[in-house]
Amino acid sequence: MNFKRIQYFDHPTDAADRPWVILFHGFGADAHDLEGLRDYIFLNSKVNWRFPNGVFEVPIGPGWTGRAWWPLTLSSLPSDWSDYTPDVMSALVPAVIKMIEDLKVPWNKVILGGFSQGAMLATEIYLQAPEKPLGLISMSGSLIRQTEWTQKLEARKGAKVFLCHGENDQVLPIKGSQKLLNIFKQKGLEPQWVTFPGGHEIPPKALQGITQYINGLI
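Attention in this report is confined to the structure presented alongside it.

Take the pattern of salt bridges next. Overall, the coordinates contain eight salt bridges when judged by the stated rule. K179 is paired through a salt bridge with D80; the nearest N and O atoms lie 2.7 Å apart. With K179 in helix α4 (residues 175-186) and D80 in the loop between β5 (64-68) and α1 (89-101), this residue pair connects regions lying 99 residues apart in the sequence. Residue class for D80 comes out partly exposed when judged on its relative accessible area of 39%.

Ranked by internal contacts, the top residues of the largest apolar core, which has 47 residues, are F24, L92, V96, I100, L112, L121 and I125. Elements that contribute at least two residues to this core include exactly β2 (20-24), β4 (56-61), α1, β6 (110-115), α2 (117-128), β8 (160-166) and α4. Element by element, the count of residues in this core is highest for α1, at nine residues. Residues in contact with F24, not counting those within four places in the same chain, are L34, P52, W69, V96, M99, L112, G113, G114, F115, G118, L121 and A122. Within the second largest apolar cluster, 22 residues are counted, among which are I41, I137, L207 and I214.

One ladder, built from seven bridges, connects β8 with strand β9 (residues 190-196); its direction is parallel. Paired with F162 across the strands is Q192, a residue of β9. Regarding the hand of the β-α-β motif, the stretch spanning β8, α4 and β9 is right-handed.

The strands that make up a sheet are held in pairs by hydrogen bonds between backbone atoms, and each pair lies either parallel or antiparallel. As summarised here, the arrangement of the seven strands in space is β1-β3-β2-β6-β7-β8-β9, forming an open sheet in which the pairing is mixed. Edge positions in the sheet fall to β1 (8-11) and β9, since each of these pairs with one other strand and no more. In this sheet, neighbouring strand axes are inclined to one another by 15° on average, regardless of whether the strands run parallel or antiparallel. Across the sheet, α2 is in contact with β2, β6, β7 (135-139) and β8; its angle to β6 comes to roughly 150°. The strands that α4 touches are β7, β8 and β9; relative to β8, the one it contacts most, it runs at about 160°.

With that settled, the discussion passes to the packing of aromatic side chains. One pass over the structure, following the stated rule, counts five aromatic pairs. A centroid spacing of 5.8 Å and a plane angle of 75° characterise the contact between F3 and F56, whose relative ring orientation is edge-to-face. Remark: F56 occurs in strand β4 and F3 occurs in the segment before β1; sequence separation between them is 53 residues. For the pair formed by F3 and F56, the shared burial category is buried. Ring centres 5.4 Å apart and planes at 75° place the aromatic pair F24 and W69 in the edge-to-face group. Highlighted residues: F24 in strand β2 and W69 in the loop between β5 and α1, separated in sequence by 45 residues. The pair F24 / W69 is uniform in exposure class, with both members buried. Here the guanidinium or amino end of R50 rests over the ring plane of W20, the centre of that ring lying 5.5 Å away.

Bringing unusual backbone geometry into the picture now. Positive phi values are uncommon outside glycine, yet S116 reaches one of about 60°. Assignment of secondary structure puts S116 in the loop between β6 and α2. Residue classification places S116 among the buried positions, given a relative accessible area of 10%. The residue S140 is not glycine, and still its phi comes out positive at about 55°. Looking at the secondary structure, you find S140 in the loop between β7 and α3 (146-152).

Conventions and cut-offs
Residues numbered from 1 in each chain as written. Predicted model: local features only at pLDDT ≥ 70, side-chain atom pairs only at ≥ 80, totals over all residues. Heavy atoms only, no water. Salt bridge = Lys/Arg side-chain N within 4 Å of Asp/Glu carboxyl O. Helix = DSSP H or I, 4+ residues; strand = E, 2+ residues; numbered from the N terminus. Buried < 20%, exposed > 50% of the residue type's maximum accessible area, 1.4 Å probe, protein only. Core = buried A, V, L, I, M, F, W, Y, C linked by side-chain atoms within 4.5 Å. Contact = heavy atoms within 4.5 Å. Pairing = 2+ DSSP bridges. Right-handed = clockwise from strand over helix to strand, strands pointing away. Axes fitted to C-alpha atoms, helices over the stretch in contact; angles between N-to-C directions. Phe/Tyr/Trp six-rings, centres within 6.5 Å; stacked < 30°, edge-to-face > 60°. Lys NZ or Arg CZ within 6 Å of the ring centre and 35° of its normal.

Have a look at this one:
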């Protein structure tokens, strides 16, 4: 399988030296799904935004399709994602890294983030990147590829990362993010952790935490 080009939508500033925030959408959504977050993340200085589009088309209802980063069978999701590895990951990661490197900016100017499936992909890219990215935002994500991620985290010691999750999430239970949080701590990262009394969503409390986190990086 070969993903030649990842499609995306950009919202650049007039300042080429400003950081890029790259947000990956969740399963069944598309590149426009997270664009609106720009209006609720109030930053002290400008950043550039990129919203990539999932490489797979997936049905989400009669006559409706969305996008995904890898296929899932929603009727048989794992109860524990810790050792889950998508079949397409080995082909997907190089394509996403190329998309980012085509920006011609250093990795220390790149903040990666995502929601749900997109959070898993963002974490994968954060760990696979040849140099340490500026930041990581995991919204309602989960630990996957536990062995591989644990090994890669050795090179990210001291990094500041952000995680948030709904306490009543029935789609992707909070325990997956808690496991990821614990591994981050064990490996010497500095995670910011926000929970909220909700489900699989991005409420104001999460956006406030993300705003604080990004402002602390830029």
